[in-house]
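Commentary on secondary and tertiary structure
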Amino acid sequence: MSQLCLKLHEIANAKPRHRFPFNNKEIPKNGIYILFENGETGHGGDRIVRVGTHTGDHQLRSRLKQHFIQQKKDRSIFRKNIGRSLLNSEKDPYLKIWELDLTTSQAKAQNGHLIQAEYQRDIELKVSQYIQNNFSFCVIDMPSKEDRLYIEARMISTVSCCTECHSSSKWFGLSSPVEKIKQSGLWQVNELYKEPLSQLDMERLVSHL
């Protein structure tokens, strides 16, 4: 497992790195993105802290904008998780409101009155600033949705199952109220500790480089 995770980190660290503000033309329309965070190291390089993709065709660039730019936490679970850590680290009671998902009209009707619009905009701005200042990423061009979802899930499990990949003692994710984030060292909760990459999967991944 550790050897597969080492190989995955070597691949990711060798890829061209993007930082905010990134150039859309340098990013493929479809693929898997791998996030790195300042101060986090693993396997002799920058440690992978999140793996993600997209479902819609040609939506990778749009997905990255949802994370890095668009201040709408209900459209990006990554943004929502950063906000959770920000609020939890300050013991801010507004965390309960931040948890609300208002993407549906029914949810807005039920809970919209609880939102403190100006305060929430301030939190969204802090989330954007943290992400833009602390994260970089690489991308693996992968046109097939089936391939993307399959490889993404196994990449996440490979990193989360690795016994040599750990968050630093200062990792911001340790401020999260979400136990799976703190335990895994990853900014995600789905596909953890499941089926890792096999050697055949790794060859399949390398074929896309």
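Now for a quick tour of the structure. (Residues numbered from 1 in each chain as written. Predicted model: local features only at pLDDT ≥ 70, side-chain atom pairs only at ≥ 80, totals over all residues. Heavy atoms only, no water.)

1. Here we look at the pairing of strand β3 (residues 45-52)
Among the eight residues that make up β3, seven are buried, leaving the element largely enclosed by the rest of the structure. When strand β2 (residues 31-42) meets β3, the two strands line up antiparallel, connected through six bridges. Counted as the bridge partner of T41 is D46 from β3. Between β2 and β3, which pair antiparallel in sequence order, lie two residues; one of them, H43, sits at a positive phi of approximately 55°. (Buried < 20%, exposed > 50% of the residue type's maximum accessible area, 1.4 Å probe, protein only. Helix = DSSP H or I, 4+ residues; strand = E, 2+ residues; numbered from the N terminus. Pairing = 2+ DSSP bridges.)

2. Considerations on the sheet that holds strand β4 (residues 135-141)
Reading across the sheet, the four strands line up as β1-β4-β2-β3 and stay open at both edges, with antiparallel pairing between neighbours. This sheet does not close on itself; its edge strands, each paired only once, are β1 (18-19) and β3.

3. Some words on the packing of aromatic side chains
Enumeration according to the criterion identifies nine aromatic pairs in this entry. A ring pair is formed by F22 and F137, whose centres lie 5.2 Å apart and whose planes are at 85°; its orientation type is edge-to-face. Here F137 lies in strand β4 and F22 lies in the loop between β1 and β2, a separation of 115 residues in the sequence. Here the aromatic rings of F78 and F135 are separated by 5.1 Å at their centres, their planes lie at 90°, and the arrangement is edge-to-face. Of the two residues, F78 sits in helix α3 (residues 77-89) while F135 sits in strand β4, which places them 57 residues apart along the sequence. Note on F135: relative accessible area 2%, which makes it buried. Grouping aromatic residues by their ring pairs yields a cluster made of F78, Y130, F135, W171, F172 and W187. Against the face of Y150 rests R154, its NZ or CZ located 3.8 Å from the ring centre. (Phe/Tyr/Trp six-rings, centres within 6.5 Å; stacked < 30°, edge-to-face > 60°. Lys NZ or Arg CZ within 6 Å of the ring centre and 35° of its normal.)

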